[in-house]
Amino acid sequence: MPKIDSVIIPARGGSKRIKHKNLRDFLGKPMILRAIEVAKSVCDNIIVSSDSDEILQIARDSGTKARLRECFADDTSTTLQVMKYVLENEGIDENAIVLCLYPTAMFATTKSIESSLALLSSDVAYVVPVVENAKVFRSFECREGRIEFLFRDFVSTRTQDLPKCYCDSGQFYLGYARNFLSNIPILSNKSAMFELPFALDIDREEDLAMAEALYSFLKKTK
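Here the residue numbers are simple positions, counted from 1 along each chain's written sequence. Confidence filtering applies because this is a predicted model: local features only for residues at pLDDT of at least 70, side-chain atom pairs given and counted only at 80 or more, and all residues used for totals across whole chains, interfaces and linings. Side-chain measures were taken over the full set of non-hydrogen atoms in the model, leaving aside hydrogen atoms and water.

Considering the overall build of the protein chain
Move 1: A run of H or I in DSSP counts as a helix once it spans at least four residues, and a run of E counts as a strand once it spans at least two, with each numbered from the N terminus. Counting its secondary structure elements, the protein chain contains six helices and ten strands.
Move 2: Radius of gyration means the value over C-alpha atoms here, while the globule rule gives 2.2 Å times the residue count to the 0.38 power. Whereas a compact globule of 222 residues would reach a radius of gyration of roughly 17 Å, the protein chain reaches 18 Å, a difference of no more than 12%.
Move 3: With respect to the three principal axes, the spread of C-alpha positions in the protein chain is 55 × 40 × 40 Å.
Move 4: In this scheme, a residue with accessible area under 20% of its type's maximum is buried, one over 50% is exposed, and one in between is partly exposed, where area comes from a 1.4 Å probe on protein chains only. Burial analysis of the protein chain (222 residues in total) assigns 45% to the buried set.
Move 5: In the form shown here, the protein chain has an accessible surface area of approximately 12,000 Å², with 50% of it arising from carbon and sulfur atoms.
Move 6: Between the centroid of the 29 positive side chains of the protein chain and the centroid of its 31 negative side chains there is a distance of 4 Å. For the area figures, the Shrake-Rupley method with a 1.4 Å probe applies, and any residue is considered shielded solely by the protein chains shown. When charges are tallied, Lys and Arg are placed among the positive residues and Asp and Glu among the negative ones, while His and the ends of the chain are skipped. For the purpose of locating charges, the reference atoms are NZ of Lys, CZ of Arg, CG of Asp and CD of Glu.

Notes on the layout of surface pockets
Empty space left among the atoms is revealed by rolling a probe the size of a water molecule over them.
Move 1: Only protein atoms enter the 1 Å grid, on which a cavity is a set of points fitting a 1.4 Å probe that cannot get out and a pocket is an open set with protein on both sides within 12 Å along at least 5 of 7 lines, lining residues being those with an atom within 4 Å of a point. Grid points are joined across faces, edges and corners, and a volume is the space filled by probe spheres set on the points. Volume-wise, the largest pocket comes out at about 770 Å³.
Move 2: Lining the largest pocket we find 28 residues, and of these Arg12, Lys21, Ser77, Thr79 and Tyr102 sit closest to its centre.
Move 3: Residue classes follow a fixed rule: Ala, Val, Leu, Ile, Met, Phe, Trp, Tyr, Cys and Pro count as nonpolar, while Asp, Glu, Lys and Arg count as charged, and any other residue, Gly among them, counts as polar. Of the residues that constitute the lining of the largest pocket, the class distribution is ten nonpolar, eight polar and ten charged.
Move 4: Considering only enclosed or pocket space, the second largest pocket measures out at about 610 Å³ in volume.
Move 5: Broken down by secondary-structure element, the contributors of at least two residues to the lining of the second largest pocket are α1 (31–40), α4 (110–117), β10 (191–195) and α6 (205–220).
Move 6: Looking at the lining of the second largest pocket residue by residue, the classes come out as twelve nonpolar, five polar and six charged.

Here's the deal with the nonpolar core
Move 1: Residues belong to a common nonpolar core when they are buried Ala, Val, Leu, Ile, Met, Phe, Trp, Tyr or Cys residues joined through side-chain atoms within 4.5 Å. Ranked by internal contacts, the top residues of the largest apolar core, which has 68 residues, are Ile4, Val7, Ile9 and Leu101.
Move 2: Should any heavy atoms of two residues lie within 4.5 Å, those residues are counted as being in contact. Not counting residues up to four positions away in its chain, the partners in contact with Ile9 are Ile32, Ala35, Ile36, Ala39, Ile46, Ile47, Val48, Ser49, Leu101 and Pro103.

Regarding the pairing of strand β6 (residues 140–143)
Move 1: Two strands are said to pair when DSSP picks up at least two bridges between them. Direction of pairing for β6 relative to strand β7 (residues 146–149): antiparallel, over a ladder of four bridges. What sits directly across from Arg143, in β7, is Arg146.

Focus on α1
Move 1: Counting buried positions along α1 yields seven of ten residues, so the element is predominantly enclosed.
Move 2: When α1 is considered as a whole, its buried residues turn out to be Met31, Ile32, Arg34, Ala35, Ile36, Val38 and Ala39.
Move 3: Among the structural elements, β1 (6–10), β2 (46–50), α2 (53–61), β4 (97–101), α4 and α6 are those in contact with the buried residues of α1.

A look at α4
Move 1: Inspection of α4 places Ser112, Ile113, Ser116 and Leu117 among the buried residues, and these make up the whole buried set. Angular distribution of buried residues about the axis of α4 spans 140°; they occupy a single face of the element.
Move 2: On the buried face of α4, the contacting elements are α1, β4, β5 (126–132), β9 (172–176) and β10. To be clear, the arc concerns the directions from the helix axis to the C-beta atoms.

The following block contains the structure:
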């Protein structure tokens, strides 16, 4: 099996919905530090890219490369922009296998990352961890205060009979450096997916509380 050459953790300091989200405590430890520990389990070359001195200091204290990012550090910056910036500044070879690990990826594990690595090949741009989300076919919008189904063909379909459907788990992306450098879209038919049993994207205080509860439950039931 190939190996991961570099892990890049893009961890900006600002966050609108959860202030200083990447520094927030998650069951007794800052989320950024938990992400670093997972990164260390799969690779020796770990780069934390941030505009935050506090985040960079945590990276240094953990023995991880800390790189100040003076651009692409607001909420309009894309993952591809950040990845390309870091890869170019670090001089990482275009054929290197790179893991982009989000600092709030509390459901990324050594096992899930290594399993994703097994799916990577020359004709797969990225491997994207996903979670099932079949209920999207029963979603609706509000029109003049009333329910309007988006997929009317499935209005009467039982939940268990809905087509398989997935969404990005918001944990990590794995691919060759050349694909990030070439701005190949991460979510496209050039990407392979790896299904995770559970994951929560932490955007709100409620998400953080639910993620801690789910994480604790999964630890107890292993």
